[in-house]
Each structure stands twice: as C-alpha cells, then as structure tokens.
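Given next are the chains, with one letter for each unit.
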Amino acid sequence: MKAKLITLSLCLFSLIICKGQPTNPIDLSKHIGETITVCGIVKDVQAPDKSNSGYVLITIDNTEASIVLISDKIIKKLDYPLTSLKGQNICFAGKVKSYKDKPVVMILKETDINKSKTKN
C-alpha cells in the first residue's frame, strides 16, 4: 500500500512539473549537466542502429535536440512500443548531456517517461 501511495505521489508531482513547463522552445545547450523535465508532442522515434550506438532518439516539438533512451536497459522494461508515443504529448525527465556534439536529455529509467499526458 505504501508503495502505491509513493508511486501515485510521484506521478502527481510529475504532472505538476510537466504542467509548469514553458511552451517556448528549450535551448538544451544552456542546461548541460542539469536534470530537467521536458514536455512536448513526440514528432519522431528513431529505432536503434549502429550509427547511434543502440540508443533510441525521440524528437519532441519544443526542443532543438532529441531525447535519448538507452535501449537495452529501458526499452525492455516498457510495456508499450516506443513508436506508440508518436503524436502524444509526453514528459521526459533526465540529465542534459552532450551526445555526438548535440545536447540531449538522457533517460535513465523507464519512470522518467510520463505517458499520462493526453493526446492532442
């Protein structure tokens, strides 16, 4: 019961954070090293391949960069295909890092993806 209350509290906290996110484009390069939450409509999901070292790149509408998911650690834990996120308003929380000379939000656990946003 305690675990359910903690999970519910975290979900509600995530929704509050997502609701407060700006709608203007976010310049991730100004947030390198910070942990942030980015919300927006998923425009593209690129499957892992040799060119991006097993990462899945998810592009959202209000950033100049992509969100990166570690495929072998996260995708296997998800109960939905990442392609199902396309067109949905989703929040991602993670640390901003430089990946191939571009700023990205690194998703480190499946709970950093908040799918509870409604589809536009």
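For the structure, check the block above.
About the criteria used
- Residues numbered from 1 in each chain as written.
- Predicted model: local features only at pLDDT ≥ 70, side-chain atom pairs only at ≥ 80, totals over all residues.
- Heavy atoms only, no water.
- Buried < 20%, exposed > 50% of the residue type's maximum accessible area, 1.4 Å probe, protein only.
- Helix = DSSP H or I, 4+ residues; strand = E, 2+ residues; numbered from the N terminus.
- Pairing = 2+ DSSP bridges.
- Disulfide = S-S within 2.5 Å.
- Core = buried A, V, L, I, M, F, W, Y, C linked by side-chain atoms within 4.5 Å.
- Contact = heavy atoms within 4.5 Å.
- Phe/Tyr/Trp six-rings, centres within 6.5 Å; stacked < 30°, edge-to-face > 60°.
- Lys NZ or Arg CZ within 6 Å of the ring centre and 35° of its normal.

(A) The arrangement of the pairing of strand S5 (residues 102-107) in detail. Among the 6 residues that make up S5, 5 are buried, leaving the element largely enclosed by the rest of the structure. In terms of strand pairing, strand S3 (residues 66-70) meets S5 through 3 bridges, oriented parallel. Considered in S5, the bridge of Ile67 is made with Val105. Summarising the sheet, strand S4 (residues 89-99) and S5 pair through 5 bridges and their orientation is antiparallel. Its bridge partner lying in S5, Ser98 is registered against Pro103. Where S4 hands over to S5, the hairpin turn is made up of 2 residues, of which Lys100 adopts a positive phi near 55°.

(B) Quick look at the state of the cysteines. Applying the stated criterion across every chain yields a total of 1 disulfide. With a sulfur-sulfur separation of 2.0 Å, Cys39 is cross-linked through a disulfide to Cys91. Taking the sign of the torsion about the S-S bond as the criterion, the disulfide between Cys39 and Cys91, at about 105°, is right-handed. Pair noted here: Cys39 is in strand S1 (residues 35-46) and Cys91 is in strand S4, with a separation of 52 residues, a long-range link. Among the residues examined, Cys91 registers a relative accessible area of 2% and is labelled buried.

(C) Structural context of the nonpolar core. Residues Ile58, Leu82, Phe92 and Ile113 are the most contacted members of the largest nonpolar core, which totals 22 residues. Those elements that place two or more of their residues in this core are S1, strand S2 (55-60), S3, S4 and S5. With 4 residues, S1 is the largest single contributor of residues to this core. If we ignore the near neighbours within four places in the chain, the residues touching Phe92 are Ile36, Thr37, Val38, Val42, Ile58, Ile60, Ile67, Ile107, Asp112 and Ile113. Leu57, Ile70, Tyr99 and Val104 belong to the second-largest nonpolar core, a separate cluster that totals 6 residues.

(D) The packing of aromatic side chains, seen in detail. Counting across every chain of the model gives 1 aromatic pair. Geometrically, the ring pair formed by Tyr55 and Tyr99 is edge-to-face, given 5.1 Å between the ring centres and 70° between the ring planes. Within this pair, whereas Tyr55 is found in strand S2, its partner Tyr99 is found in strand S4, the two being separated by 44 residues in sequence. The residue whose ring lies beneath Lys115 is Tyr80, and the NZ or CZ to ring-centre distance is 3.9 Å.

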